[in-house]
Amino acid sequence: VFNSTELKATHYIYSHSYNKVEFLRSDSNVGKYVGFREFGMKNAERWNNDPHVLSWRRAQKEMFCHHNSEVWYRKVLLRSVKPSVRLHSTAPPGGHHPAMLVCSVYDFYPKQI
């Protein structure tokens, strides 16, 4: 998660899941592994007690996130796309007014209006 190219502003989450259920997570804001369920908690305890594993995960944030955030920021986030707008009239459900004007906006980036 990032909104600039600054590494300190990057939130790096590395998650392990099985059958769509997360059981282990490394979170750069927490600085260690957090386990969910018995299996995840056992592995989190083991990996948090190994300084090599923790330093490797911190290095992954710098190696992966720093490079990719610069690329994404420059190639994607600094660009904008004009929206397409659709305007139509409709009867509101259960309303007392005969019609309602609806404005829908699609296909634009960044998403702030």
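The coordinates are above.
Rules of the game
In this numbering scheme, every chain counts its residues from 1 along its sequence in written order. Where local features are concerned, this predicted model is filtered to residues with pLDDT of at least 70; where side-chain atom pairs are given and counted, the filter is 80 or more; whole-chain, interface and lining totals use all residues. The side-chain numbers reported here are obtained from all heavy atoms of the structure, hydrogens and water having been left aside. Note on definitions: the grid is 1 Å and covers protein atoms alone; a cavity is a set of points where a 1.4 Å probe fits but cannot get out; a pocket is an open set with protein on both sides within 12 Å along at least five of seven lines; lining residues have an atom within 4 Å of a point. Grid points are joined across faces, edges and corners, and a volume is the space filled by probe spheres set on the points. The secondary structure listing takes helices from DSSP runs of H or I that are at least 4 residues long and strands from runs of E that are at least 2 residues long, numbered from the N terminus. Side-chain classes are defined by residue name, with Ala, Val, Leu, Ile, Met, Phe, Trp, Tyr, Cys and Pro counting as nonpolar, Asp, Glu, Lys and Arg as charged, and the others, Gly among them, as polar. Pairing of aromatic side chains requires ring centres within 6.5 Å, counting the rings of Phe and Tyr and the six-membered ring of Trp. Pairs whose planes differ by under 30 degrees are stacked, by over 60 edge-to-face, and all others tilted. A simple rule labels every residue: compare its accessible area, found with a 1.4 Å probe on the protein chains alone, to the largest value its type can have, and call it buried under 20%, exposed over 50%, or partly exposed in between. Remark: a charge is flagged as sitting over a ring if the NZ atom of Lys or the CZ atom of Arg is within 6 Å of the ring centre and within 35 degrees of the ring normal. One bridge is not enough; two strands pair if DSSP finds at least two bridges between them. Only the stretch in contact is used when fitting a helix axis, every axis being a line fitted to C-alpha atoms; angles between N-to-C directions are given from 0 to 180 degrees. What makes two residues a contact is simply this: any of their non-hydrogen atoms within 4.5 Å. To define a nonpolar core, start from buried Ala, Val, Leu, Ile, Met, Phe, Trp, Tyr and Cys residues and group those joined through side-chain atoms within 4.5 Å. Within this document, salt bridges are pairs made up of a side-chain nitrogen of Lys or Arg and a carboxyl oxygen of Asp or Glu, the two lying within 4 Å of each other.

Trainee: Whenever I open this one, the layout of surface pockets confuses me. Can you help?
Mentor: Which parts of space are left empty comes out when a probe the size of a water molecule is rolled across the atoms. Considered as a void within the structure, the largest pocket measures approximately 180 Å³ in volume. Residue lining of the largest pocket: 13 residues in total, with Ser 28, Gly 31, Arg 57, Arg 58 and Lys 61 positioned closest to the centre. Examining the composition of the lining of the largest pocket, we find that five residues originate from one element, helix H2 (residues 51-77), more than from any other. Looking at the lining of the largest pocket residue by residue, the class counts come to four nonpolar, three polar and six charged.

Trainee: Would you explain the packing of aromatic side chains in this entry?
Mentor: The description of an aromatic ring pair uses the distance of the two centres, along with the angle that the planes make with each other. The final tally for this structure, using the stated rule, is two aromatic pairs. A centroid spacing of 5.3 Å and a plane angle of 50° characterise the contact between Phe 23 and Phe 39, whose relative ring orientation is tilted. Here Phe 39 lies in helix H1 (residues 37-48) and Phe 23 lies in strand S2 (residues 21-27), a separation of 16 residues in the sequence. According to the relative accessible area criterion, Phe 39 is exposed, its value standing at 54%. Ring geometry for Tyr 33 and Trp 47: centres 5.1 Å apart, planes at 65°, overall edge-to-face. Of the two residues, Tyr 33 is situated in strand S3 (residues 32-35) and Trp 47 in helix H1; the sequence distance between them amounts to 14 residues. The ring of Tyr 14 has Arg 57 lying over it, and the distance from NZ or CZ to the ring centre is 3.7 Å.

Trainee: Explanation requested: the sheet that holds S3 in the structure shown.
Mentor: Two strands in a sheet stick together by hydrogen bonds in their backbones, pointing the same way (parallel) or opposite ways (antiparallel). In spatial order, the strands read S1-S2-S3; together these three strands make up an open sheet with antiparallel pairing. Strands with a single pairing partner mark the edges of an open sheet, and in this sheet they are strand S1 (13-18) and S3. Taken over all neighbouring pairs, the strand axes of this sheet differ in orientation by 20° on average, direction set aside. Direction of pairing for S1 relative to S2: antiparallel, over a ladder of six bridges. When the sheet's bridge partners are listed, Tyr 14 is paired in S2 with Ser 26. Here H1 sits on the sheet in contact with S1, S2 and S3, set at roughly 160° to S3.

Trainee: It is not clear to me how the nonpolar core should be interpreted in this structure. Could you clarify?
Mentor: Most often, soluble globular proteins have nonpolar side chains that are buried together. In terms of nonpolar packing, the biggest core is built from six residues, these being Phe 23, Leu 24, Tyr 33, Ala 44, Val 53 and Leu 54. Residue assignment for this core shows that the elements contributing at least two residues are S2 and H2.

Trainee: For this particular structure, what's the right way to read the pattern of salt bridges?
Mentor: Any two side chains of opposite charge can pair, on the condition that their charged atoms come close. Tallying each qualifying case throughout the model produces two salt bridges. A salt bridge links Arg 25 to Glu 22; the shortest N-O distance between them is 2.6 Å. Lys 42 is the partner of Glu 38 in a salt bridge, and the nearest nitrogen-oxygen pair spans 3.1 Å. Taken together, the residues Glu 38 and Lys 42, both in helix H1 and four residues apart, mark about one turn of the helix. As far as the burial class goes, Glu 38 and Lys 42 line up, both exposed.

Trainee: Explain the environment of Tyr 33 to me, please; I cannot follow it from the model alone.
Mentor: The exposure class assigned to Tyr 33 is buried, which follows from its relative accessible area of 3%. Between the alpha carbons of Tyr 33 and Ser 15 there is a distance of 9.4 Å; along the sequence they are 18 residues apart.

What is shown is where atoms sit, not what they do.
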